[in-house]
Amino acid sequence: MATESPGVRRRVSSTAASVFDRREGSVLVGLIAIFLVGVYIDASRFLLLDNMARVLRSAATTAIIGYGVALLMVTAEFDLSVGSMYGVSAGMGAILIGGNAFGFDPLFAVLVVLAFSVVFGITQGLVVTKLELPSLIVTIGTLTLLRGVHRILLGGTTASAGNVGLLKWLGGPIIIADLPFMSGPILYQIPFLHAETKTFGQFSILIVWIFVLLGVFHYILHYTRFGLHARATGDNIDSVETTGIDPEIVKLGCFALCSLTAAFAGLAFLGRFGSVSSGSGNGLALVVIAAVVLGGTKLTGGEGSMVGVLFGSLVLATANNVLALAGLNVSGWQGVITGGFIIAAIGLDAILKGFSYDLLVSWYAEPLRNLLASPRGFFRTRAEQKTTDDTFGFLMLTIGVAAVATNLVAGVLGNPAVSSAIGLDVGQFKLFLLGGWPETVAQVYLFLMVVTLLAAAAVEVATQVLDSTGDYEDTLASVCYGMAPAPLFAIPIVLLGFDIFFVANPVVSALLASVPVLLLIGWVTYAGVVETHDLSRGQGTLVVGATYVAWLVAAGVVAVGLSTA
């Protein structure tokens, strides 16, 4: 009786362990969370097999290029030109196959494009290694160079390949009815979601290539001598030279494979659509790098994960799909979310290593409890022990709580049953920007940051005039911890958003409702400046008064601006 190979079993268990012991586990949790959001928004559409295939297809280009980029980043090098290589390869393929001057066989065109990509990648590697130039700068140059070549090839228009031939095996559809043992499309029905039977008739072959190339590159990185040398090169290039490994040769190979995957993805794009425009590939490199770093590949080199690349690509693709279901695909939030993921990817190492429940308690819950008990006692005994990380952490979490509270109050008050029960006729919630909870979070963040900055500037100037003993760190502590009552702003913000007013107009009513919150902030800030700057009560009152003047001037400027709009 056949038994499973111990070597295969060991490799599978090793791969599974690496997924959950490193970054991939966190990304997988994030992917599941986004998936659940999609189910919550519109389960009947989100869980369609066609939609799942659409998500995988959207992730395919990012993942395929990401495998090559991850291998290169393991050696501590970058290639920002992959988006341009993607476009150039598709453009070259279209011209070689469908151009009047050529009309080559698709197989020959594919070989030419892939050979070009490998030569170009090696050339980039030679420039980086032999001239000892930073790969980031070199590939910014080649990004622009290839983009220019792409526009020249296409003449600024669109090129068509006509009959793509075998390119359909790179990016074309797979018809389920044509598969062995299948007589037609898949028929299915999800209980409690679909009243009628749904059909699933085709999917992109790119979905197959995602997993084929995942296996290839995972094997290269973890089970070949080349992959071992790549990881060693990125981990410590100085010590690796003493072992007989030539890091320059390793980097040349990685540059070549990186360009090769970009060219492959470009040809797959051509195989799917049959044509290519001069804008194809713009901005793709940053999205790929975001997926790669989200998946666990270190920017400093030495460590990478192909499984993580797939997870990172799926996170971005699923997030965009969920935004489309939520009706935000035309509001610009896809770019905002992608940009946010790029920023998160860069700082995720520090966040995941340093953040914990204990840190959340230390940053927010414990200081808030002590402030509620005795503001002056907190600033007298604890504030001086806090670092700037603690101070800004408290401020960011306070703003986050305020944003969540605003959305919750708006959601409850916007419920027709609740609003009718309390006798209010509320319409659509709108601040300065019309939209859902993301727009509300952004506006709450901007508002509270402006309030904090104005307070910090006023306190710093006033304490300097009074020649206090404190410094700017004491000012930051007084102001940031002074914002503890900020979540109470949820009430006046919601009044403004629903145009609810009890005097004059919604703006005046919201400002009057904000007065108690501002008084509470001033009271906590007063305790902070008196204790940390060693001021008398009268001097502390003057400092807080200066803060109120700054807020009043800002409110006046806003009121004048709104009245003339």
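Residues numbered from 1 in each chain as written. Predicted model: local features only at pLDDT ≥ 70, side-chain atom pairs only at ≥ 80, totals over all residues. Heavy atoms only, no water.

Peer 1: Explain the overall build of the protein chain residue by residue, including any values.
Peer 2: Within the protein chain, the regular secondary structure consists of 23 helices and six strands. Taking all 565 residues of the protein chain together, the buried fraction comes to 45%. Restricting to contacts in the protein chain with at least 6 residues of sequence separation, those with at least 24 account for 77%. Summed over its atoms, the accessible surface of the protein chain is roughly 27,200 Å², and 68% of this surface lies on carbon and sulfur atoms. (Helix = DSSP H or I, 4+ residues; strand = E, 2+ residues; numbered from the N terminus. Buried < 20%, exposed > 50% of the residue type's maximum accessible area, 1.4 Å probe, protein only. Contact = heavy atoms within 4.5 Å. Areas by Shrake-Rupley, 256 points an atom, 1.4 Å probe, with all protein chains shown as cover.)

Peer 1: Provide a residue-level description of the environment of L48, including the pertinent values.
Peer 2: In this fold, L48 is placed in the loop between α2 (23-46) and α3 (49-74). Separated by 146 residues in the primary sequence, L48 and H194 place their C-alpha atoms 9.6 Å from one another. Aside from chain neighbours lying at most four places away, what touches L48 is Y188, H194 and K198.

Peer 1: Tell me about the nonpolar core, and name the residues and values.
Peer 2: Counting residues in hydrophobic clusters, the biggest one holds 82 residues, and the most contacted among them are I65, Y67, V69, L167 and M306. Ranked by residue count, the leading element in this core is α3, at 13 residues. The residues touching M306, leaving out its near neighbours within four places in the chain, are Y67, A70, L71, L214, F217, H218 and L221. (Core = buried A, V, L, I, M, F, W, Y, C linked by side-chain atoms within 4.5 Å.)

Peer 1: Before we move on, could you go through a nonpolar patch on the surface and cite the residues and values that matter?
Peer 2: On the surface, F502, V503, V508, L512, V515 and L519 cluster together to form a nonpolar patch covering roughly 490 Å² of accessible area. For L519, the position within the fold is in helix α22 (residues 506-532). (Patch = residues over 30% accessible without salt bridge, like charges linked within 9 Å, V, L, I, M, F, W, Y side chains within 5 Å. Salt bridge = Lys/Arg side-chain N within 4 Å of Asp/Glu carboxyl O.)

Peer 1: Provide a residue-level description of the confidence of the model for the protein chain, including the pertinent values.
Peer 2: Where the model shows low pLDDT, its predicted coordinates should not be examined in detail. When pLDDT is averaged along the protein chain, the result is 84; 85% of the residues meet or exceed 70. When pLDDT is averaged over each helix and strand of the protein chain, the minimum, 55, is found for helix α1 (residues 6-21) and the maximum, 95, for helix α8 (residues 206-223). (pLDDT = per-residue confidence, 0-100.)

Peer 1: Can you break down the pattern of salt bridges residue by residue, with the values?
Peer 2: Per the stated rule, a full pass over the model turns up seven salt bridges. One salt bridge in this structure joins E248 and K130, with 2.6 Å as the shortest N-O distance. Placement of E248 in helix α11 (residues 247-273) and of K130 in helix α5 (residues 106-130) is noted, with a sequence separation of 118 residues between them. On the basis of relative accessibility, which here comes to 28%, the residue E248 falls in the partly exposed class. The residue E303 makes a salt bridge to K298 at a minimum N-O spacing of 3.6 Å. With a relative accessible area of 24%, E303 lands in the partly exposed category. A residue is classified by how much of its surface remains accessible, and K298, at 26% relative accessible area, is partly exposed.

Peer 1: Kindly report on the side chain of T297, identifying the contributing residues and their values.
Peer 2: Among the structural elements, T297 can be located in the loop between α12 (284-294) and α13 (306-325). Owing to a relative accessible area of 0%, T297 belongs among the buried residues under this scheme. With residues near it in sequence (within four places) discarded, T297 still touches A70, M73, V74, V292, E303, G304 and S305.

Peer 1: Describe the side chain of T61, with residues and values.
Peer 2: Residue position: T61 is located in helix α3. For T61, a relative accessible area of 17% gives the class buried. Discounting chain neighbours no more than four positions away, the residues touching T61 are Y86, A265 and L284.

Peer 1: Describe the state of the cysteines, with residues and values.
Peer 2: For the structure on display, the rule yields zero disulfides. Summary of cysteine pairing: C254 is not part of a disulfide, and the nearest cysteine sulfur, belonging to C258, is at 8.8 Å. The class of C254 is buried, set by a relative accessible area of 0%. Since its relative accessible area comes to 0%, C258 is described here as buried. (Disulfide = S-S within 2.5 Å.)

Peer 1: Outline the packing of aromatic side chains, listing residues and values.
Peer 2: In this structure the tally under the stated criterion is 16 aromatic pairs. Pairing W209 with F264 gives two aromatic rings, centres 5.1 Å apart and planes at 75°, and the pair type is edge-to-face. Taken as a pair, W209 in helix α8 and F264 in helix α11 lie far apart in primary sequence, 55 residues in all. Judged by relative accessible area, W209 falls into the partly exposed class, the value being 23%. Aromatic pair F378 and Y481: ring centres 5.0 Å apart, planes at 70°, arrangement edge-to-face. Of this pair, F378 sits in helix α16 (residues 375-381) while Y481 sits in helix α20 (residues 472-482), and the two are 103 residues apart along the sequence. In textbook terms, an aromatic cluster arises when at least three aromatic residues are bridged by ring pairs, as seen for Y364, F378, F379, F394 and Y481. (Phe/Tyr/Trp six-rings, centres within 6.5 Å; stacked < 30°, edge-to-face > 60°.)

Peer 1: Tell me about the packing of helix α17 (residues 388-413) against helix α21 (residues 490-497), residues and numbers included.
Peer 2: α21 packs onto α17 with a crossing angle of 50° between their chain directions and a minimal axis gap of 9 Å. By the angle between their directions, the pair α17 and α21 is classed as oblique. The two elements α17 and α21 cross, and the hand of that crossing is right-handed. Contact with α17, carried on its side by A405, T406, V409, A410 and L413, involves A490, I491, I493 and V494 of α21 and no other residues of that element. Along the lines of polarity and charge, the residues of the contact of α17 with α21 split into eight nonpolar, one polar and no charged. (Axes fitted to C-alpha atoms, helices over the stretch in contact; angles between N-to-C directions. Parallel < 35°, antiparallel > 145°, perpendicular 65-115°, else oblique. Left-handed = near helix turned anticlockwise from the far one by under 90°. Nonpolar A, V, L, I, M, F, W, Y, C, P; charged D, E, K, R; others polar.)

Peer 1: Which residues make up α11, and what values do they have?
Peer 2: Compared with the 39 Å implied by 1.5 Å per residue over 27 residues, the 39 Å span of α11 between its first and last C-alpha is a close match. Where burial is concerned, most of α11 is hidden: 20 out of the 27 residues are buried. With a side-chain oxygen positioned 3.0 Å from the backbone nitrogen of E248, the residue opening α11 is D246. (Expected span 1.5 Å × (residues − 1). Polar contact = N/O pair within 3.5 Å; in protein donor to acceptor, adjacent residues only side chain to side chain.)

Peer 1: With reference to specific residues and values, describe the environment of L143.
Peer 2: One can find L143 in helix α6 (residues 135-154). Taking the relative accessible area as the measure of exposure, L143 reaches 31% and is therefore partly exposed. Taking C-alpha positions, L143 is 4.1 Å from S81, a pair spaced 62 residues apart along the chain.

Peer 1: Just give me the short version of the packing of helix α4 (residues 82-98) against α6, but keep the residues and values in it.
Peer 2: In the contact formed by α4 and α6, the axes pass within 9 Å of each other and the chain directions differ by 25°. With respect to α6, the element α4 is oriented roughly parallel. Between α4 and α6 lies a crossing whose hand is left-handed. Between α4 and α6, the residues in contact are G83, S84, M85, G87, V88, G91, M92 and I95 and L143, L146, R147, H150, L153 and L154, respectively. When its residues are assigned to classes, the contact of α4 with α6 shows eight nonpolar, five polar and one charged.

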